[in-house]
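What the coordinates show
Here's the letter readout for the chains.
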Amino acid sequence: MKKDENQVDLNIDHILADPALRHRLFPVTRERIFLAHAGVAPLPGPTVDVLKHEADRASFAQESPDFMAEVEAIRRVGARLINAHSDEIALLGPTSLGLNLVANGLEWKQDDEVVFYPDDYPANVYPWQALTAKGVRAIPLQPERVGEITPDLVLKALTTRTRLVALASCHFLSGFRLDYEGIAEELSRRGVLFCLDAIQSLGATTIDVRNIDFLAADSHKWMLGPLGGGIFYVKRKNFDLLRPTLFGAWNVRSPGYVAQPDIVFEASARRYEPGSLNWLALHGMKASLEMILGLGVKQIEARLLDLRTFAEEKLLAGGFRVMGHANRRSQKSGIITIAIDNQEKAVAQARKLRDNRVDISMRQTRAGLSCLRLSPHFYNTEAEIEEVVRILLS
């Protein structure tokens, strides 16, 4: 990570101990308590600086002579985040684009099965449900509690017809963290493909794609990047298996920009990028990821889990009902969800927080249970959590 103006190597403790530095790196902290990173996160100051620089540069030329080298540098940063090869990274957002490329790019047979969770975020539901029009059977998982997908539940749903399992690395509402490694290892052993919607994990917890076939994530949540910048990972051995369904001059080889009689795709994951990249957003994503990688994803994960423990204790002491508070630490994430039976009360609490310059997300379960979702990042403080609990109790 780049050094600050005093040339001191940054770490999380340093940022938290220096209010001026925290405000400079995360300008939102000057004005608000932002606890909605599971939604759309505010951009860090250094990322905004990069965006301004690139926008100024674009006023003269949007493509520099080093354009291709810059693209590959962004791929390398994305690859580092998930322990992939850079040629396995397509620079695509939003998350739903990558998921749809998987759903539409595989050659499905009648009565093939895809295992999914119908109470996941809709972007990771509709692509799999839509496959029923092709004769695919969409097999829904039904956990006892919202979002709590376990390896046993997944394995019990598998049959000899299971072609793909498509799950989220972390549930967007309950914050339950998937044991993706245990599931991926078993699916790999059985020859079943695994697609991971990782938007609620990348930047907040470690993800290793060793046994994952496909992964998609936009950068605007825990990666602290701009909307529309993202990564779509396809394991190299699956390039021929996953047929590109979008065609353009960027992913189909066109020497001298002359269309050819035969369609021949680029050899790398670029084959899934049909045209112009979201260049400014990708520059911003790169800047945010370099900061996250510099601080250390494992360190960020530990900080978030400590913050969650702190928040849970304060909320439970205040009489609030916190989803998944009794789960193991390994099953938890930075998402802290308060369940409220009375919708009017939930709306009033959300309004009270907003009026006190606190950003959270309001969600609900399929059964209609209202929820206040708090999702701090590593730079949030215990004092901010205490202030939020105070406001809720007032």
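Per chain, residues are indexed from 1 in the order of the written sequence. Thresholds applied to this predicted model are a pLDDT of at least 70 for local features of residues and 80 or more for the giving and counting of side-chain atom pairs; totals over whole chains, interfaces and linings are not thresholded and use all residues. With hydrogens and water set aside, each side-chain value is computed from the structure's full complement of heavy atoms.

What about the side chain of glutamate 301?
Applied cut-off: Comment: elements are numbered from the N terminus, with helices defined as DSSP H or I runs of at least four residues and strands as E runs of at least two. The buried label goes to any residue with under 20% of its type's maximum accessible area, the exposed label to any with over 50%, and the partly exposed label to all in between, with areas taken from a 1.4 Å probe on protein chains only. Counting of polar contacts relies on pairs of N or O atoms within 3.5 Å, with two restrictions inside protein: one atom must be capable of donating a hydrogen and the other of accepting it, and residues adjacent in sequence are counted only when both atoms are side-chain atoms. Contacts are residue-level and defined by heavy atoms, with any inter-residue pair within 4.5 Å sufficient.
Structurally, glutamate 301 is set in helix α10 (residues 297-317). For glutamate 301, a relative accessible area of 16% corresponds to the buried category. Within the local environment of glutamate 301, its side chain forms a polar contact with the side chain of threonine 205, the two groups lying 2.5 Å apart. With residues up to four places along the chain from it excluded, the contact list for glutamate 301 reads Arg177, Ala204, Thr205 and Thr206.

Structural notes on the pairing of strand β5 (residues 162-168)
Put simply, side chains in a regular strand alternate between the two faces of the sheet. Test applied: For two strands to be treated as a pair, DSSP must find at least two bridges joining them.
Here β5 lies mainly inside the structure; six of its seven residues are buried. Two elements, strand β3 (residues 113-116) and β5, share three bridges in a ladder whose sense is parallel. Residue pairing across strands places valine 114 opposite leucine 164, the latter belonging to β5. Note that β5 and strand β6 (residues 193-197) share five bridges and pair parallel. Each bridged residue has a counterpart across the sheet, and for leucine 167 the counterpart in β6 is leucine 196.

So, the pattern of salt bridges
Put simply, the rule is: Salt bridge, as used here, is a side-chain nitrogen of Lys or Arg placed within 4 Å of a carboxyl oxygen of Asp or Glu.
One pass over the structure, following the stated rule, counts 28 salt bridges. With its nearest N and O atoms 3.2 Å apart, the salt bridge here joins arginine 177 to glutamate 301. Of the two residues, arginine 177 sits in the loop between β5 and α8 (180-190) while glutamate 301 sits in helix α10, which places them 124 residues apart along the sequence. Note on arginine 177: relative accessible area 14%, which makes it buried. A salt bridge links arginine 390 to glutamate 387; its shortest N-O distance comes to 2.7 Å. Residue arginine 390 and its partner glutamate 387 are located together in helix α12 (residues 382-393), separated by three residues, close to a single helical turn. The class of arginine 390 is partly exposed, set by a relative accessible area of 45%. Through salt bridges with shared partners, one network takes in Glu54, Arg57 and Glu70.

Some thoughts on the sheet that holds β6
By way of backbone hydrogen bonds, the strands of a sheet pair with one another, either parallel or antiparallel. As a reminder, the rule being used: Note on method: axes are straight lines fitted to C-alpha atoms, helices fitted across the in-contact stretch only, with angles between N-to-C directions ranging 0 to 180 degrees.
Read from one edge to the other, the open sheet built from seven strands follows the order β2-β8-β7-β6-β5-β3-β4, with strand pairing classed as mixed. Looking along the sheet, the strands with just one partner apiece sit at the ends: β2 (89-90) and β4 (137-140). Contacts from α8 reach β5 and β6, with the element oriented near 160° to β6.

Structural notes on the environment of valine 115
Relative to the elements of secondary structure, valine 115 occurs in strand β3. With relative accessibility at 0%, the residue valine 115 sits in the buried group. Spatially, the C-alpha atoms of valine 115 and threonine 162 are 7.3 Å apart, while their sequence positions differ by 47 residues. Not counting residues up to four positions away in its chain, the partners in contact with valine 115 are Ile139, Leu141, Ala157, Leu158, Thr162, Leu164, Val165 and Ala166.

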